[in-house]
Amino acid sequence: MQSNLAPGAMAVTPHHLASESALSVLRHGGDAIEAMVAAAATIAVVYPHMNGIGGDGFWLIVPPGGEPIAIDASGASGAQATLAYYDGHAAIPHRGAKAALTVPGTVSGWDEALKVSAGLGGGQLPLSRLLADAIRYAADGIPVTSSQASATQSKYHELSGVPGFAGTFLQRGEVPAAGSRFCQPRLARTLTRLANDGLDSFYRGPLAQLMAEEFQATGCPLTAQDLAGHRARRRVPLKLSHQQGDIFNMTPPTQGLVSLAILGITDHLDMANADEVQTIHRIVEATKRAFSLRDKYITDPRHVTLPVQSLLEAAPLQEMAASIDDNHAAPWGKGKGPGDTVWLGVIDGNGLAVSFIQSIYHEFGSGVVLPESGILLQNRGAAFSLDPDHLLALAPGKQPFHTLNPAAARLKDGRTMVYGTMGGDGQPQTQAAIFTRHVIQGMPLQEAVAAPRWLLGRTWGQSTDSLKLEGRFSEATFTALREKGHDVEWLPGMSEAMGHAGAIVRHPNGMLEGAYDPRSNGSAAGF
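Residues numbered from 1 in each chain as written. Predicted model: local features only at pLDDT ≥ 70, side-chain atom pairs only at ≥ 80, totals over all residues. Heavy atoms only, no water.

- Looking up the protein chain in an unreviewed UniProt entry gives the name Glutathione hydrolase proenzyme, with the organism given as Scandinavium goeteborgense.
- UniProt annotates the protein chain under Sequence similarities (unreviewed entry) with the comment "Belongs to the gamma-glutamyltransferase family."
- UniProt annotates the protein chain under Subunit (unreviewed entry) with the comment "This enzyme consists of two polypeptide chains, which are synthesized in precursor form from a single polypeptide." (UniProt positions renumbered as here; feature names shortened; annotations may be inferred.)

Next up, the structure:
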């Protein structure tokens, strides 16, 4: 099982057409950020059940020298989205107009990232060039993936009556078959408007005004003022000082803390010499402790009660590591559940590296498709609580909790690595698996991504928070984990529930190594 190697540039995404969009930009002189905008636009069209321009995004940009830059392109709740607005509801609905209560932020992230590119000496290609593939795929159509067909089938009954869903994602009222042609002409027109008018027009301009009218028509609690008030924000990413090097991830409102804390806890254990059972057990136990930090502290950054970076200092991580019993699993409560997302990575020939995540939260988000712009709106606001005393209590203008967290590392041996995955609670666990297997245990990169994985928590269609193992693990591993007290379940041998992971490593000699997830429709494309 071989990684793909290239001397010039590398892109990894969970859909091969998005990888090719990035590669085309790289071949024509664009940098990694420009290539990522092209890939993000394409994947918003070709993987519409997983992400879209009606969702949010997070960027982690690692230049060849200097400090990494993070971009928070997540939207806040609308001014009308108050606790009183949801009177009579036990919780915020996951589908429908009332689920679409946060501003879509991802396009603002593309815009801010391109400003970073210009500041680093990039910005050579026009926006129309970066969006060209996405516009073509939306207008002329793309083949429906088995992933999209399966998601449409499984969510048919809860989404078919949501405004705009059936007219967009069903064909004559039926679930489209894998391989059939899927066109999105209204989305093509919207992407063309963005190419002509600029990305800021999504928030301040005629397109924004049109969207505001569509919000009102469909019953979403968002307004033109909510769009106009939105800006992507540059952040200083969280950093873990690890024996292998510096590892970076995203700040609140994301769970980037969890991904770094898992690796920080296990850094105080002997992972290099751990066998398969020990590796899984220790990472799972570290995950439980990291989730407890998340659930205590992570919310809108304006409401976080302490400097989150302080939780990644050596002393508290070592204390949590010391609490892990190598022979017995600790009890655990409930996770946040699944989430559908896309992770994409690009590293260019100059060593500029980008780790990026784009999401609409659940499969098909809120299910609401705006009638003229053709934009599918996310349901990220369903992460809010209607309990006014809860850490994640809904309030107008508040950012919701995000599972999204793109990762990157500068290793002491001179390598740079970007990596990540989709999958809600599974994101930090899969990141830990890939980093541990490849960087610490020396497993080849492609093998580390494709190898059987585990998930502590819920998957789609399941309400249990058990430890789920892919069927390619041995019966002996399953039994040994059960004997340690884990509530273990089997999943299929190559389960999409484990997420669509990927990674790129830039070696000290400039060579690039890419690995994609065979659970996805993706590729590692380089030249």
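## Here's the deal with the nonpolar core
Then step 1. Counting residues in hydrophobic clusters, the biggest one holds 86 residues, and the most contacted among them are Ile 33, Ile 53, Trp 59, Ile 61, Trp 110 and Phe 202.
Then step 2. Per element, the largest residue contribution to this core is 13 residues, and it comes from helix H2 (residues 32-46). (Core = buried A, V, L, I, M, F, W, Y, C linked by side-chain atoms within 4.5 Å. Buried < 20%, exposed > 50% of the residue type's maximum accessible area, 1.4 Å probe, protein only. Helix = DSSP H or I, 4+ residues; strand = E, 2+ residues; numbered from the N terminus.)

## Looking at the pattern of salt bridges
Then step 1. Taken as a whole and assessed by the stated rule, the structure comprises 16 salt bridges.
Then step 2. One salt bridge in this structure joins Arg 453 and Asp 517, with 2.8 Å as the shortest N-O distance. With Arg 453 in the loop between helix H14 (445-450) and strand S14 (454-456) and Asp 517 in the loop between strand S18 (512-516) and strand S19 (523-526), the pair connects residues that are 64 residues apart, well separated along the chain.
Then step 3. Residue Arg 453 is classed as buried on the basis of its relative accessible area of 1%.
Then step 4. Overall, Asp 517 belongs to the buried group, its relative accessible area being 0%.
Then step 5. For Asp 517, the salt bridge identified is with Arg 519, shortest N-O distance 2.8 Å. (Salt bridge = Lys/Arg side-chain N within 4 Å of Asp/Glu carboxyl O.)

## What to know about empty space enclosed by the protein
Then step 1. Applying the stated criterion across every chain yields a total of 1 cavity of 30 Å³ or more.
Then step 2. Taken as a whole, the largest cavity holds about 90 Å³ of empty space.
Then step 3. What lines the largest cavity is a set of 14 residues, and nearest its centre among them are Ala 44, Gly 52, Gln 184, Leu 187 and Leu 376.
Then step 4. Looking at the lining of the largest cavity, the elements that each hand over two or more residues are H2 and helix H6 (165-169).
Then step 5. Partitioning the lining of the largest cavity into residue classes produces 8 nonpolar, 6 polar and no charged. (1 Å grid on protein atoms, 1.4 Å probe; cavity = no way out; pocket = protein on both sides within 12 Å on 5 of 7 lines; lining within 4 Å. Points joined across faces, edges and corners; volume = space filled by probe spheres on them. Nonpolar A, V, L, I, M, F, W, Y, C, P; charged D, E, K, R; others polar.)

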